[in-house]
Amino acid sequence: MASALKAAALRHIRVPVSPTLPLNGSRLNLCGTVRSMSSHGDDHLTKEEVIDRVIDVLKSFPKVDSTKVTPEVHFHKDLGLDSLDTVEIVMALEEEFKLEIPDKEADKIDSCSLAIEYIYNHPMAG
């Protein structure tokens, strides 16, 4: 619950950035080189984009029958994958979304729906 709340808050936080920086007694103007406001909320992936990309990653995995892949599919129960296969899928998802999933969290991802939720709520997923 706390992680979902944290992720939701991070998607909407804006941090103001000063357009100038002090530099040896003078001021360096950064206008044009830095956005004046920064937020991942503006370019965060939609849930549909995350679902489509997670499903594509699963369908491209050699041991997966692509006709069985749905947003609710369980890696072991529905697809017959073992723990090593699950680790490989999580690694493929990290590469696809350009993020690092800590081992403690990766161990919990055993279904398509959990992967989708984790990635959708991750503020750095791209």
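Let us look at the structure shown here. Here the structure is a predicted model, which is why all the values come from computation and not from measurement. (Residues numbered from 1 in each chain as written. Predicted model: local features only at pLDDT ≥ 70, side-chain atom pairs only at ≥ 80, totals over all residues. Heavy atoms only, no water.)

Structural notes on the layout of surface pockets
If a probe as big as a water molecule is rolled over the atoms, it shows which places are left empty.
Line of reasoning, step 1. Taken as a whole, the second largest pocket encloses approximately 190 Å³ of empty space.
Line of reasoning, step 2. Lining of the second largest pocket is provided by Ser-83, Thr-86, Val-87, Val-90, Met-91, Glu-94, Ile-101, Asp-103, Ala-106, Asp-107 and Ile-109.
Line of reasoning, step 3. At the level of secondary structure, the elements contributing two or more residues to the lining of the second largest pocket comprise helix H3 (83–97) and helix H4 (103–106).
Line of reasoning, step 4. Element by element, the count of residues in the lining of the second largest pocket is highest for H3, at six residues.
Line of reasoning, step 5. Of the residues contributing to the lining of the second largest pocket, the split by class is six nonpolar, two polar and three charged. (1 Å grid on protein atoms, 1.4 Å probe; cavity = no way out; pocket = protein on both sides within 12 Å on 5 of 7 lines; lining within 4 Å. Points joined across faces, edges and corners; volume = space filled by probe spheres on them. Helix = DSSP H or I, 4+ residues; strand = E, 2+ residues; numbered from the N terminus. Nonpolar A, V, L, I, M, F, W, Y, C, P; charged D, E, K, R; others polar.)

Digging into the packing of helix H2 (residues 47–60) against H3
In a pair of packed helices, the angle between the axes and the distance between the axes together describe the arrangement.
Line of reasoning, step 1. For the pair H2 and H3, interaxial distance at closest approach is 10 Å and the crossing angle is 135°. With respect to H3, the axis of H2 lies oblique. The interaxial crossing formed by H2 with H3 has right-handed handedness. Facing Val-50, Arg-53, Val-54, Val-57 and Leu-58 of H2, the residues of H3 in contact are Ile-89, Ala-92, Leu-93, Glu-96 and Phe-97.
Line of reasoning, step 2. Tallied by class, the residues present in the contact of H2 with H3 amount to eight nonpolar, no polar and two charged. (Axes fitted to C-alpha atoms, helices over the stretch in contact; angles between N-to-C directions. Parallel < 35°, antiparallel > 145°, perpendicular 65-115°, else oblique. Left-handed = near helix turned anticlockwise from the far one by under 90°. Contact = heavy atoms within 4.5 Å.)

Topic: the side chain of Thr-86
Line of reasoning, step 1. By the element assignment, Thr-86 lies in helix H3.
Line of reasoning, step 2. With a relative accessible area of 15%, Thr-86 lands in the buried category.
Line of reasoning, step 3. Non-local contacts of Thr-86, meaning those with residues more than four positions away in its chain, are made with Phe-75 and Ile-109. (Buried < 20%, exposed > 50% of the residue type's maximum accessible area, 1.4 Å probe, protein only.)

Some words on the environment of Ala-125
Line of reasoning, step 1. Tracing the backbone shows Ala-125 in the segment after helix H5 (112–121).
Line of reasoning, step 2. Overall, Ala-125 belongs to the buried group, its relative accessible area being 5%.
Line of reasoning, step 3. With 80 residues separating them in the primary sequence, Ala-125 and Leu-45 have C-alpha atoms 7.3 Å apart.

Quick notes on H3
Line of reasoning, step 1. When the terminal C-alpha atoms of H3 are compared, their 21 Å separation across 15 residues agrees well with the 21 Å that a helix rising 1.5 Å per residue should span.
Line of reasoning, step 2. Every buried residue belonging to H3 is among Asp-85, Thr-86, Ile-89, Val-90, Leu-93, Glu-94 and Phe-97, and all of these are buried.
Line of reasoning, step 3. In the core, the buried residues of H3 are packed alongside H2, H4 and H5.
Line of reasoning, step 4. Among the residues of H3, the N-terminal cap falls to Asp-82, whose side-chain oxygen and the backbone nitrogen of Leu-84 are separated by 3.1 Å.
Line of reasoning, step 5. Downstream of H3 by a residue or two, Lys-98 has a phi angle that is positive, lying close to 50°. (Expected span 1.5 Å × (residues − 1). Polar contact = N/O pair within 3.5 Å; in protein donor to acceptor, adjacent residues only side chain to side chain.)

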